[in-house]
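Structure at a glance
Spelled out, the chains give:
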Protein chains: 2
Amino acid sequence: MEQRISLVTLGVRDLARARAFYEALGWSTGAAPADDVVFFQAGGMILALWGREELAADSGVSDGGGWGGVTLAHNVGSPAAVDAVIEQARAGGGTISREPSETFWGGYSGVFVDPDGHPWEVAHNPHWTIREDGSVTL
Amino acid sequence: MEQRISLVTLGVRDLARARAFYEALGWSTGAAPADDVVFFQAGGMILALWGREELAADSGVSDGGGWGGVTLAHNVGSPAAVDAVIEQARAGGGTISREPSETFWGGYSGVFVDPDGHPWEVAHNPHWTIREDGSVTL
């Protein structure tokens, strides 16, 4: 198995609401309004939004109903950029579960939770490199 | 917010067991044995393993205790490659929650679940392009 992730699918309760949230953050998709799955090209991978029940069935798992041990992160180039993305998420209807502040690992981050309960840490990590194309290297 | 994911963190109950599972799949990390977080460079992003309780607290969320609506996918170039990765996951102690077969969307895939309950679809999608560097485009 190669060391890479091709796709992250987030299970959602209301696809139109979920799509509108990510679009309010500035993301764009070629999905038609009636499509039952919404794909966003996200750098060299893809983020998908799909009905949570369908995703559970397709994945062969039982739904615990809440958060299940996965957090995404979006790294940016400065503490000010962390603040800006957190404010964008707040304005778009996201819940800020941790306001931006300095972290124990020497960076600066905050966390927003999307309308379906999926948390995103928005982080400035001075120890990692963000390249021109948005890719991140340890 | 740029349209990209920098990091996916999987909350785990037993870090050594989780690390060993991904290493058995052929992944490698520069983490020291005593590190309390394990980072894997995964293409232009990073996969992290961290204690689930710590991740929930850091993300400002309550733990539902089970699966929480997130499934990862690993796309490969052929149905035979799907079978090979699924067999590798089975041999490494993963649970196969869906045996490989043709899918309703015209591809071929199976799903394994890692020791902490995180599902990975292993898929051949003839409609998507996998580049030389492993990146996937719609």
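Since this is a predicted model, take the numbers as computed values, not measurements.

Thoughts on the interface of chain B and chain A
At the interface, 66 residues of chain B touch 66 residues of chain A. Carbon and sulfur atoms supply 60% of the area buried between chain B and chain A, which totals about 5,700 Å² over both sides. Three residues, Met1(B), Gln3(B) and Trp67(B), lead the burial of chain B against chain A; their summed loss comes to 17% of the area buried on that side. The tally of links from chain B across to chain A stands at 2 salt bridges. With a closest N to O distance of 3.2 Å, Arg98(A) and Asp58(B) form a salt bridge. Top element by residues in the side of chain B that touches chain A is strand 4 (residues 70-75) of chain B. It accounts for 6 residues. Across the side of chain B that touches chain A, the residue classes break down as 33 nonpolar, 26 polar and 7 charged. Inspection of the sheet shows strand 4 (residues 70-75) of chain A paired to strand 1 (residues 7-12) of chain B by 4 bridges, in the antiparallel sense. Counterpart to Leu72(A) in the pairing with strand 1 of chain B is Val8(B).

Basis of the calculations
- Residues numbered from 1 in each chain as written.
- Chains lettered and ligands numbered in written order.
- Predicted model: local features only at pLDDT ≥ 70, side-chain atom pairs only at ≥ 80, totals over all residues.
- Heavy atoms only, no water.
- Contact = heavy atoms within 4.5 Å.
- Buried area = accessible area lost by both parts, 1.4 Å probe.
- Salt bridge = Lys/Arg side-chain N within 4 Å of Asp/Glu carboxyl O.
- Helix = DSSP H or I, 4+ residues; strand = E, 2+ residues; numbered from the N terminus.
- Nonpolar A, V, L, I, M, F, W, Y, C, P; charged D, E, K, R; others polar.
- Pairing = 2+ DSSP bridges.

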